[in-house]
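Each chain, letter by letter, is given below.
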Amino acid sequence: MKRTSSLMLGIACSLCVQVMAQSSLREATKDLFLMGVAVNNYQVNGGNRAENDLIKTHFSSIVPENCMKSSEIHPEENRWEFGPTDKMVAFGEANNQAIIGHTLIWHSQLARWFTVDEKGQPVSAEVLKARMREHIHTIMKRYKGRIKGYDVVNEAFEDNGSYRRSPFYRILGEDFIKLAFQYAHEADPDAELYYNDYNMSTPAKCDAVVRLVKSLKAEGLRIDAVGMQGHMNMDSPSVEAFEASIKKLADAGVKVMITEWDISILPNPFNHSGANISDRFAYNEANDPYRNSIPKDVQKAWNKRYTDMFGLFIKYHEVVDRVTVWGLNDGHSWKNNFPIRGRKDYPLLFDRENNVKPVVNQMIKQANKASKKLKK
Ligand code: XIL
């Protein structure tokens with residue numbers, strides 16, 4: 001009798017361990033891809049116990065939402081603010097997470113001094129090159145061997161595939177991208193290097209990025225992956241369009257990363273897509289309908305949207321190296337203020353009280369099922 005019950009206990013415990021082992025996103029995805037989360041300045045500076053625990057438990061990778069952007073880490077030519085990034089890196093290391101740098105060269109949240117002289121006029125090509133080199137080298141050498149990979153250039157293309165007329169482009173032309181990748185590789189030859197952009201399922205834009213990848217490779221420059229930001233709405237992009245872009249990028253010989261994933265549940269009356277952070281629309285109550293609760297059918301459709309997309313990423317797990325959600329819980333999400341300020345959105349995997357949403361369990365099941373198949 002005693003033996004039977006201890007045997008039963010043993011079986012129950014091992015079952016329990018198995019269930020526990022597979023009950024986090026981090027565990028469930030470990031044979032598929034890195035599962036990442038963007039950490040905000042509050043979290044980087046210590047945050048709170050509940051959020052830190054979720055970040056550790058569910059994610060194998062972190063990326064800073066803001067603290068490494070040039071306006072924050074390098075606000076003046078001779079002033080660096082490494083404190084938050086140092087803490088973020090230490091947090092990731094303590095939790096054995098892959099740490100990603102975001103972002104080295106970007107026209108938004110760009111330090112005011114970066115591309116102009118003391119009179120506010122654009123600097124010369126030579127000066128800008130030297131500044132880019134110094135910026136990239138200083139950051140990447142400081143975190144050498146600790147940050148796994150960087151979004152070297154962010155959002156260099158318009159949706160129609162033409163080059164964005166950013167200050168970098170206006171001063172250096174399209175070569176600014178090559179230069180950035182070259183400086184990055186010199187600074188830390190072991191770091192992975194990525195190009196990152198939104199609306200990557202727009203064919204003209206994806207094609208432009210494919211051309212970029214090919215030309216970087218043709219010049220012998222390192223590029224490991226393209227980041228598809230993944231800021232999504234309920235109705236766009238379609239799974240098919242996203243899939244077509246994953247395929248195109250994989251065919252160009254790079255890995256794909258879903259770098260900034262969130263799915264807004266709110267109406268999108270302007271048919272807005274992507275993440276051009278200067279896009280703004282006026283607030284009205286009709287566009288902010290879920291201040292008190294979300295109707296069941298809408299919630300169901302949102303869950304399906306998440307699991308459909310996650311299913312796609314799993315299908316391409318050999319190409320997709322990382323899936324990163326853009327923030328931990330709904331309360332922190334930038335989508336509450338973009339592209340309309342002051343709405344109440346629900347785009348992430350944890351709610352405002354840090355409860356795990358039911359969709360997370362569905363995603364864990366999807367990942368477990370795929371991992372099991374791999375082992376067969
Ligand atoms: C956003 C942050 O989430 C906000 O906190 C900030 O105010 C603006 O930038 N594309 C990117 C991200 O590459 O860095 C942006 O992050 C969202 C769009």
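To start, this report covers the structure provided alongside it. (Residues numbered from 1 in each chain as written. Predicted model: local features only at pLDDT ≥ 70, side-chain atom pairs only at ≥ 80, totals over all residues. Heavy atoms only, no water.)

### Structural notes on the overall build of the protein
Part 1 of the reasoning: A tally of helices and strands in the protein yields 13 helices and 9 strands.
Part 2 of the reasoning: Scaling as 2.2 N^0.38, a compact globule of 376 residues should have a C-alpha radius of gyration of about 21 Å, and the protein matches this with 22 Å.
Part 3 of the reasoning: Summarising its shape, the C-alpha atoms of the protein cover approximately 85 × 50 × 40 Å along the three principal directions.
Part 4 of the reasoning: For the protein, with 376 residues in total, the buried portion stands at 54%.
Part 5 of the reasoning: Taking all contacts inside the protein whose residues are at least 6 apart in sequence as the whole, residues at least 24 apart take part in 79%.
Part 6 of the reasoning: Of the roughly 17000 Å² of accessible surface on the protein, a fraction of 52% belongs to carbon and sulfur atoms.
Part 7 of the reasoning: Looking at the protein, you have 51 positive and 46 negative side-chain charges, and the mean spots of the two groups are 6 Å apart. (Helix = DSSP H or I, 4+ residues; strand = E, 2+ residues; numbered from the N terminus. Rg over C-alpha atoms; globule rule 2.2 N^0.38 Å. Buried < 20%, exposed > 50% of the residue type's maximum accessible area, 1.4 Å probe, protein only. Contact = heavy atoms within 4.5 Å. Areas by Shrake-Rupley, 256 points an atom, 1.4 Å probe, with all protein chains shown as cover. Lys, Arg positive; Asp, Glu negative; His and termini not counted. Charge placed at Lys NZ, Arg CZ, Asp CG, Glu CD.)

### Some thoughts on the pattern of salt bridges
Part 1 of the reasoning: The final tally for this structure, using the stated rule, is 22 salt bridges.
Part 2 of the reasoning: Glu192 is the salt-bridge partner of Lys148, the closest N and O atoms lying 3.8 Å from each other. Separated by 44 residues along the polypeptide, Lys148 in the loop between helix 7 (125-142) and strand 4 (149-154) and Glu192 in strand 5 (residues 192-197) bring together distant segments of the chain.
Part 3 of the reasoning: Given a relative accessible area of 35%, Lys148 falls into the partly exposed group.
Part 4 of the reasoning: A salt bridge links Lys357 to Asp330, with the shortest nitrogen-to-oxygen separation between them at 2.7 Å. Of this pair, Lys357 sits in the loop between strand 9 (320-325) and helix 13 (358-375) while Asp330 sits in the loop between strand 9 and helix 13, and the two are 27 residues apart along the sequence.
Part 5 of the reasoning: Overall, Lys357 belongs to the buried group, its relative accessible area being 9%. (Salt bridge = Lys/Arg side-chain N within 4 Å of Asp/Glu carboxyl O.)

### Things to note about the side chain of Asn287
Part 1 of the reasoning: Positionally, Asn287 belongs in the loop between strand 8 (255-263) and helix 12 (296-315).
Part 2 of the reasoning: Judged by its relative accessible area of 7%, Asn287 falls in the buried class.
Part 3 of the reasoning: If we skip the residues at most four places from it in the chain, Asn287 touches Leu266, Pro267, Pro269, Phe270, Ala282, Ile340 and Arg343.

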